[in-house]
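Each chain, letter by letter, is given below.
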Amino acid sequence: MTGYSDSFLRSVLSRTKVVAVVGVSTNPVRPSYFVARYLSLKGFTVIPVNPAYAGEPLLGTKVVESLSQIDAPVDMVDIFRRSEAVPGIVEEALAAFPETLRTIWMQIGVEHAEAAARAEAKGIDVIQNRCPKIEYQRLFGELRMGGFATGVISSKL
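Notes on the structure in this doc start here.

1. Comments concerning the overall build of the protein chain
Right, on to step 1. Scanning the protein chain from terminus to terminus reveals five helices and seven strands.
Right, on to step 2. Listing each helix as α and each strand as β along the protein chain from the N terminus yields α-β-α-β-β-β-β-α-β-α-β-α.
Right, on to step 3. Residue burial in the protein chain is summarised as follows: out of 157 residues, 46% are buried.
Right, on to step 4. For the protein chain, the proportion of contacts with a sequence separation of at least 24, taken over those separated by at least 6, is 62%.
Right, on to step 5. Accessible surface, the protein chain: about 7,900 Å² in total, of which carbon and sulfur atoms supply 52%.

Below, the structure is given as structure tokens:
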């Protein structure tokens, strides 16, 4: 499903405090980097996850290899990986955060119906083929009309 109500998306973004970004890059021109950076600037605690950069500093913390290495409660897992990688990530997230996980968010172009159903069966909200940065900007009045296809980024950054 990709037709989510604004109230649902606003609720998810409002209640979320800690986001594990799976597939984050340390390259500042990559979408995963600037989404993670944006979320951290908006007050979310961002935990970067990528085995290729494990141990490297990013956004004031160190990149971890996998979700299972996170020893903090996580509300949302944001997935920047190909759709075929989603089932394993969802299973790891469900195992790693059984008490705190509330949302699996799959980035634009990322969808997996069976993994989504598995998470939803556990009471987890699932958002597919959307970007939390774009939705945050749109829903909280930061996305301006005109400019680039995704809008003009607020001067607050």
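2. Digging into the sheet that holds strand β7 (residues 125-127)
Right, on to step 1. Taken together, the five strands give an open sheet; going across it, the order is β2-β1-β5-β6-β7, and neighbouring strands pair in parallel fashion. Edge positions in the open sheet fall to β2 (45-49) and β7, since each of these has one partner strand only. Taken pair by pair, the neighbouring strands of this sheet meet at an average axis angle of 15°, ignoring direction.
Right, on to step 2. Relative to strand β5 (residues 76-79), strand β1 (residues 18-22) runs parallel, the two sharing four bridges. Paired with Ala 20 across the strands is Val 77, a residue of β5.
Right, on to step 3. Packing of helix α2 (residues 31-41) onto the sheet brings it into contact with β1, β2 and β5, and relative to β2 it is tilted by some 160°.

3. A short note on the pairing of β2
When a strand is regular, its side chains alternate between the sheet's two faces.
Right, on to step 1. Counting buried positions along β2 gives four out of five residues, so the element sits mostly inside the fold.
Right, on to step 2. Where β1 meets β2, five bridges bridge the pair, whose relative direction is parallel. Across the sheet, Val 19 pairs through a bridge with Val 46, a residue of β2.
Right, on to step 3. Taken together, β1, α2 and β2 form a β-α-β motif whose crossover is right-handed.

What counts, and at which threshold
- Every chain is numbered on its own, with residues counted from 1 as its sequence reads.
- In view of the model being predicted, local features appear only for residues whose pLDDT reaches at least 70, and side-chain atom pairs are presented and counted only at 80 or more, with totals across whole chains, interfaces and linings using the full set of residues.
- No hydrogens and no water enter the side-chain calculation; it runs on all heavy atoms of the structure.
- In this text, helices come from DSSP runs of H or I with a minimum length of four residues, and strands from runs of E with a minimum of two, each type numbered from the N-terminal end.
- Burial classification: accessible surface area is computed with a 1.4 Å probe over protein chains only, and a residue below 20% of its type maximum counts as buried, one above 50% as exposed, and the rest as partly exposed.
- By the convention used here, residues are in contact when the closest approach between their heavy atoms is within 4.5 Å.
- Residue-level accessible areas treat just the shown protein chains as cover; the underlying method is Shrake-Rupley with a 1.4 Å probe.
- Note on pairing: two strands pair once DSSP finds at least 2 bridges between them.
- Axes, fitted as lines to C-alpha atoms, cover a helix only where it is in contact. Angles between the N-to-C directions of the axes lie from 0 to 180 degrees.
- Look down the strands so they point away from you; if the path from the first strand over the helix to the second goes clockwise, the crossover is right-handed.

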